[in-house]
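# A closer look at the structure
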Amino acid sequence: KPIKCGTFGATSLQQRYLATGDFGGNLNIWNLEAPEIPVYSVKGHKEIINSIDGVGGLGIGEGAPEIVTGSRDGTVKVWDPRQKDTPVANMEPVQGESKRDCWTVAFGNAYNQEERVVCAGYDNGDIKLFDLKTMSLRWETNIKNGVCSVEFDRKDVNMNKLVATSLEGKFHVFDMRTQHPTKGFASVSEKVQKSTIWQVRHLPQNRDIFMTSGGAGSLHLWKYEYPAQRSKKDSEGAEMGVAGSVSLLQNVTLSTQPISSLDWSPDKKGLCVCGAFDQTVRVLIVTRLNRI
């Protein structure tokens with residue numbers, strides 16, 4: 001089956017196993033030195049796996065190596081490659097709730113052996129945060145447009161910031177440090193363009209800088225500015241977060257087609273690669289990042 005998504009996030013740098021999700025709902029893990037048959041294979045979902053993320057490998061995040069998959073069948077599943085056939089967690093719609101197409105998933109909060117969360121974004125604008133320690137839905141919101149990409153600024157720290165991008169050219173930055181009992185997390189949103197924002201990726205060397213890739217073939221580089229105080233007390237004395245602001249550092253149009261994927265180099269600051277619908281892979285370098 002054609003492959004839709006892949007990650008190295010749950011493997012060591014020595015092994016370099018690639019985990020992929022395909023159009024048939026299969027999760028496969030491949031040894032690239034011997035790619036004839038996968039080293040792990042499971043029919044994970046009834047329909048296409050749209051998104052995949054890994055944690056616990058490559059020195060990213062504490063705890064077990066795990067893979068999360070989000071599918072059109074409405075479920076989000078967490079897999080431990082050391083456990084065959086069954087997921088270690090399965091987040092699905094409750095009975096009577098209509099299933100929504102899950103477009104994007106991301107791990108976060110993996111700063112020790114016990115803590116870990118999964119964030120999932122859906123086609124109807126729902127964002128859900130699942131706490132894997134308590135196996136419960138910790139928070140949910142709706143951004144009114146299909147959620148194309150979600151990413152924590154770092155996986156291996158206390159939840160700090162989460163960026164979610166949408167179909168209608170908007171992105172939202174949530175401050176994840178303070179969760180209000182009723183209002184949830186404070187956020188700031190920014191309208192970039194009329195076209196879809198396909199992906200967001202934080203700079204590994206500076207988590208306050210992130211790149212968004214757009215449907216108009218453009219890349220936008222952003223910086224998040226923290227407010228003077230990140231939390232305040234409401235009228236009843238409960239802590240609530242205070243959102244900061246975002247500023248545009250740079251933008252460039254590279255293609256007449258959407259830029260659908262992007263990744264930064266963890267080693268060389270400013271080196272990145274992107275893929276677009278014009279079937280071109282472009283390698284770019286962003287300079288002067290050390291002056292920001």
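Residues numbered from 1 in each chain as written. Predicted model: local features only at pLDDT ≥ 70, side-chain atom pairs only at ≥ 80, totals over all residues. Heavy atoms only, no water.

The protein chain goes by Dynein axonemal assembly factor 10 in an unreviewed UniProt entry, where it is assigned to Oreotrochilus melanogaster. As its UniProt record puts it under Subcellular location (unreviewed entry), the protein chain is described as follows: "Dynein axonemal particle". You can read under Function (unreviewed entry) in the UniProt record for the protein chain the words "Key assembly factor specifically required for the stability of axonemal dynein heavy chains in cytoplasm." (UniProt positions renumbered as here; feature names shortened; annotations may be inferred.)

## A word on the packing of aromatic side chains
By the definition in use, this model includes six aromatic pairs. When the centroid spacing of 4.9 Å and the interplanar angle of 65° are considered together, the rings of F171 and W222 count as edge-to-face. Here the residue F171 occupies a position in strand β15 (residues 170-180), and W222 occupies one in strand β19 (residues 218-225), the gap between them amounting to 51 residues. Residue class for W222 comes out buried when judged on its relative accessible area of 3%. Summarising the aromatic geometry, the rings of Y224 and Y226 are spaced 5.2 Å apart at their centres and angled 85° between planes, so their arrangement reads as edge-to-face. (Phe/Tyr/Trp six-rings, centres within 6.5 Å; stacked < 30°, edge-to-face > 60°. Helix = DSSP H or I, 4+ residues; strand = E, 2+ residues; numbered from the N terminus. Buried < 20%, exposed > 50% of the residue type's maximum accessible area, 1.4 Å probe, protein only.)

## Here we look at the nonpolar core
Grouped together as the largest cluster of nonpolar side chains are 16 residues, with contacts concentrated most on I127, L129, W139, F152, L162, F174 and M176. Counting only elements with at least two residues in this core, the list comes to β10 (117-122), β11 (126-131), β13 (147-152), β14 (161-166) and β15. Among all residues touching M176, those that are not within four sequence positions of it are L129, W139, F152, M159, N160, K161, L162 and F185. In this structure, V68, V78, V118 and Y122 belong to the second largest nonpolar core, which totals 15 residues. (Core = buried A, V, L, I, M, F, W, Y, C linked by side-chain atoms within 4.5 Å. Contact = heavy atoms within 4.5 Å.)

## Considerations on the environment of G6
Structurally, G6 can be placed in strand β1 (residues 3-7). When near neighbours in sequence (up to four residues on either side) are disregarded, G6 contacts L18, A19, T20 and I52.

## Some remarks on the sheet that holds strand β25 (residues 281-285)
Hydrogen bonds along the backbone pair up the strands of a sheet, which may run parallel or antiparallel. If you trace the three strands from one edge of the open sheet to the other, you get β23-β24-β25, paired in antiparallel fashion. What marks the edges here is a single partner per strand, and that holds for β23 (259-264) and β25. With direction set aside, neighbouring strand axes in the sheet form an average angle of 20°. Note that β23 and strand β24 (residues 271-276) share five bridges and pair antiparallel. (Pairing = 2+ DSSP bridges. Axes fitted to C-alpha atoms, helices over the stretch in contact; angles between N-to-C directions.)

## Regarding the side chain of T69
Following the sequence through the fold, T69 ends up in strand β6 (residues 66-71). Separated by 2.7 Å, the side chains of T69 and H45 make a polar contact. Excluding residues within four positions of it along the chain, T69 makes contact with L27, H45, I49, S51, I52, T75, V76, K77, W79 and V105. (Polar contact = N/O pair within 3.5 Å; in protein donor to acceptor, adjacent residues only side chain to side chain.)

## Re a positive patch on the surface
A cluster of basic residues, K144, K170, K191 and K194, forms a positive patch on the protein surface. By the element assignment, K194 lies in the loop between β16 (184-191) and β17 (197-203). Accessibility expressed as a relative area gives 77% for K194, which makes it exposed. (Patch = residues over 30% accessible without salt bridge, like charges linked within 9 Å, V, L, I, M, F, W, Y side chains within 5 Å. Areas by Shrake-Rupley, 256 points an atom, 1.4 Å probe, with all protein chains shown as cover. Salt bridge = Lys/Arg side-chain N within 4 Å of Asp/Glu carboxyl O. Lys, Arg positive; Asp, Glu negative; His and termini not counted. Charge placed at Lys NZ, Arg CZ, Asp CG, Glu CD.)

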